[in-house]
Amino acid sequence: MVHATNLGFPRMGGNRELKKMVENYWAGKLDEKSLLSGAKTLRAEHWSIQKAAGIQDGHIPSNDFSFYDQVLDHLHIFNVIPKKYQGLQFPLEAYFAMGRGLQKEGVDVPAMEMKKWFDTNYHFIVPEFTAEQEFSLRSRKPIDEFVEAKAHGITTRPVLIGPVSFLRLGKAAKGHNFDPISLLDKLVPVYETLLKELVAAGAEWVQLDEPVLTFDLPKEFKDLYAKAYARLSAVSGVKILVANYFGRLGDNIDIVANLPVSAIHVDLVRAPEELDAVVKLAKDKSLVLSLGVINGRNIWKADLDAAIATVKRAVAVLGADRVLVAPSCSMLHTPHSLEPEVKMDKQIRDWLSFAVQKLDELVVIAKAVNNGEDSVKAALEANRASMKARRTSPLVHDAKVQAEMKAVTEDMFKRKSPFTTRSPAQQAKLNLPAFPTTTVGSFPQTKEVRVARQNLKKGNWTQAEYETFIKAETDKCIRFQEKVGLDMLVHGEFERNDMVEYFGENLKGYVFSQNGWVQSYGSRCVKPPIIYGDVSRPEPMTVYWSTYAQKQTTKPMKGMLTGPVTMLQWSFVRDDQPRSDTAFQLALAIRKEVQDLEKAGIPAIQIDEPAIREGLPLRRSDWEAYLKWAARAFLLSSTGVEDTTQIHTHMCYSDFNDIFSTIQALDADAITIENSKSDLKLLHAFEKYGYANGIGPGLYDIHSPRVPSQQEMGDRLKEMLVYLKKELVWVNPDCGLKTRGWPETEKALDNMCRVAESFRNAA
Ligand code: GLN
Ligand code: ZN
């Protein structure tokens, strides 16, 4: 029999119960006991959902729950607690302090570093190891949760991050210069102890996640892996499943072939081409093979016929007892359930599958393989009907968009003239001073602004009332910018809830869920919009507000748009065409918006692309292709204007080393970037590569209410001028100001403008 199995279930709960509990606990509104018991109830509920759906007992995950982050959990499990947190109360105070910092009487500790979990939008706490690091079993969470499930009559498969991935994802603590992987020999014995305890508690299978197998790994890793897993597999009574996900194994298949474990899991959604190779490997090494055939990261129904065929191919070689049906990765990255989505278009809803629905898909696949397709006839027929409807639906396929895509020509990726010609033409029109000042777009989204939006949504306010309010906010913002002496103004983005959602709501091809929340970090969840079909722009999206703003001032007003790659990256995207195709459709829609803004007399347009870097594929060999289409998507969106129109872009990170030539290829007239937190290496790169367009490295950090002095900003600007030609330099903050309050915004921008003035006068 093949079994339906799972690698991890979303932990927040159908109504984000976990988020609410944890935040109430932080706010002192919920005591520790209630938090712990609430979490227990939630876990029990999630296990029973999985069991009721038909996920095989013994293969229902546990230890996938977390109060904040699973990597942070492992720091507690293996007692990797940096010194500054050791004096705090264990476990919860220290735990949350490591995740989010803690300020209370006599204590002031920052949070540990957070990083994106592979190429998802989930963030993990980066483990920090010292050269003398010792490990011990400190938290018994994996064992406790196994026992807890057992009490409900459910045998779970505890999930642990494998020891190699755990170390590889970490870093050496400040002041320590060594590679954390060198700690493997010290760490493995503690894993061994943990496995023994799990076996003693009744566990049969243990899942060890080793997703770093999707990275390019140094040669030595083959031996390191073999040695570590030889020891772990020797624990008597344990069956280890090593799980890789988020990509192909590639040449790391040699590593996997060397592992003396019982089973391996592979991601066949991301790497379908590896099926035959992994089946052969499982056959040669007598392994159980877990096939990731349902996408754990997206929201589309799976093509069940295709998945069944894949599973059958493996069964034909290995026999049914050696095949597990699984999602590609943990379902942590999908929303909980489709059930509350009653407002969504019925047709589109029928194409979707969230975590709860994905469980059913896994079970149907397993049943079809075990008992024949007739045993699940109705489910398969319904699935075929959905697949067919989606393949042919006019909601998805828009002939007009496709014709426009075909009509795209090579000259639509280029400005009319090079920057050296454009720049004086723009200057003649804009007449900007040296060291021109600007901002990145948004101004404080105060409580009043958010309440106004709610009032409109709830119907308490008419559209006209809302617009009057937004106009007043915009006016105030413009008056302030004039008063403080900014040179290139913005309208403030008061009409926008979010930089992706605002555009998604105005584009065809997008749909929004009501409750499709996915954990981003800690208690924070995001609700990514869903791109279901060919994207087009029924009407101008920003022209109304930008022209309104331009009319209120004689200073140049900068239009503000979100770029195609960021729109793509922060949405759930179609799986029926390459990502690049969707990006180009978005680009074409934005291009029209850019042209309409130009026609309406907006002299400068900023196209934000903060997500270009995070879209980088996990393997180096895939980077070039991605960067090429990402740059082309931006170019398609931005180049349809006259030389005199100034195109800005913005990115809120500064790690450009790997993507420098892409930044150059974007050929924006000005780029504003985050800089205040980075060292000068970044600027050095701009100098070294001879970046010759306008550039505004952020003069101050907007993530904190702190107001840097003129002296401090002046020093920063002086440092920049060592690397950058002064004619190219813009003066601006690091990012948008929407999370800030007005008082600090006013002071900081005043300081910033005074600094620009003094440099101007000195020049
Ligand atoms: N224009 C946006 C803003 O200022 C940019 C935000 C971002 O880079 N994430 O809010
Ligand atoms: Zn930014």
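Keep in mind that this is a model prediction, so the values were computed, not measured.

**A word on the overall build of the protein**
- Counting secondary structure elements, the protein contains 28 helices and 23 strands.
- Relative to the compact-globule value of 27 Å for 763 residues, the protein shows a C-alpha radius of gyration of 27 Å, a close match.
- For the C-alpha atoms alone, the extent of the protein along its principal axes is close to 75 × 60 × 55 Å.
- Summarising the internal contacts of the protein: among those between residues at least 6 apart in sequence, 79% fall at separations of at least 24.

**Here we look at helix α14 (residues 355-371)**
- In a regular helix each residue adds 1.5 Å, so 17 residues correspond to 24 Å; α14 covers 24 Å between its end C-alpha atoms and thus fits that length.
- In terms of residue burial, α14 counts as a mostly covered element, since 13 of its 17 residues are buried.
- Remark: Gly372 follows α14 within two positions and exhibits a positive phi of approximately 90 degrees.

**Description of the UniProt feature "binding site: Zn(2+)" (unreviewed entry) in the protein**
- As recorded in UniProt, the sites labelled "binding site: Zn(2+)" (unreviewed entry) are His650, Cys652, Glu674 and Cys735. Spatially, the listed residues are clustered: although they cover 86 residues, their C-alpha atoms lie within 8.6 Å of one another.
- Among the structural elements, His650 can be located in strand β21 (residues 646-651).
- Sequence-distant contacts of His650, defined by excluding residues within four places in its chain, comprise Val440, Gln606, Asp608, Pro610 and Thr672.
- Structurally, Glu674 is set in the loop between β22 (670-673) and α26 (681-688).
- Residue class for Glu674 comes out buried when judged on the 23 C-beta atoms lying within 10 Å of it.

**Digging into the pairing of strand β11 (residues 239-243)**
- Burial of β11 is extensive: four of the five residues sit out of reach of the surface.
- The pairing of strand β10 (residues 205-209) with β11 spans five bridges and is parallel. Counterpart to Leu208 in the pairing with β11 is Val242.
- Following the chain from β10 across helix α9 (residues 221-233) to the adjacent parallel β11, one finds a crossover that is right-handed.

**What to know about the sheet that holds strand β23 (residues 694-697)**
- Read across the sheet, five strands follow the order β19-β20-β21-β22-β23 without closing on themselves; strand pairing throughout is parallel. Of all the strands in the sheet, the pair left with one neighbour each is β19 (558-562) and β23. Adjacent strand axes in the sheet meet at a mean angle of 20 degrees, parallel and antiparallel pairs treated alike.
- Pairing analysis gives four bridges linking β22 to β23, with the strands arranged parallel. Within β23, the position partnered with Ile671 by the bridge is Ile695.

Rules of the game
- Residues numbered from 1 in each chain as written.
- Chains lettered and ligands numbered in written order.
- Predicted model: local features only at pLDDT ≥ 70, side-chain atom pairs only at ≥ 80, totals over all residues.
- Helix = DSSP H or I, 4+ residues; strand = E, 2+ residues; numbered from the N terminus.
- Rg over C-alpha atoms; globule rule 2.2 N^0.38 Å.
- Contact = placed C-beta atoms within 7 Å.
- Expected span 1.5 Å × (residues − 1).
- Buried ≥ 20, exposed ≤ 12 C-beta atoms within 10 Å, placed from the backbone.
- UniProt positions renumbered as here; feature names shortened; annotations may be inferred.
- Pairing = 2+ DSSP bridges.
- Right-handed = clockwise from strand over helix to strand, strands pointing away.
- Axes fitted to C-alpha atoms, helices over the stretch in contact; angles between N-to-C directions.

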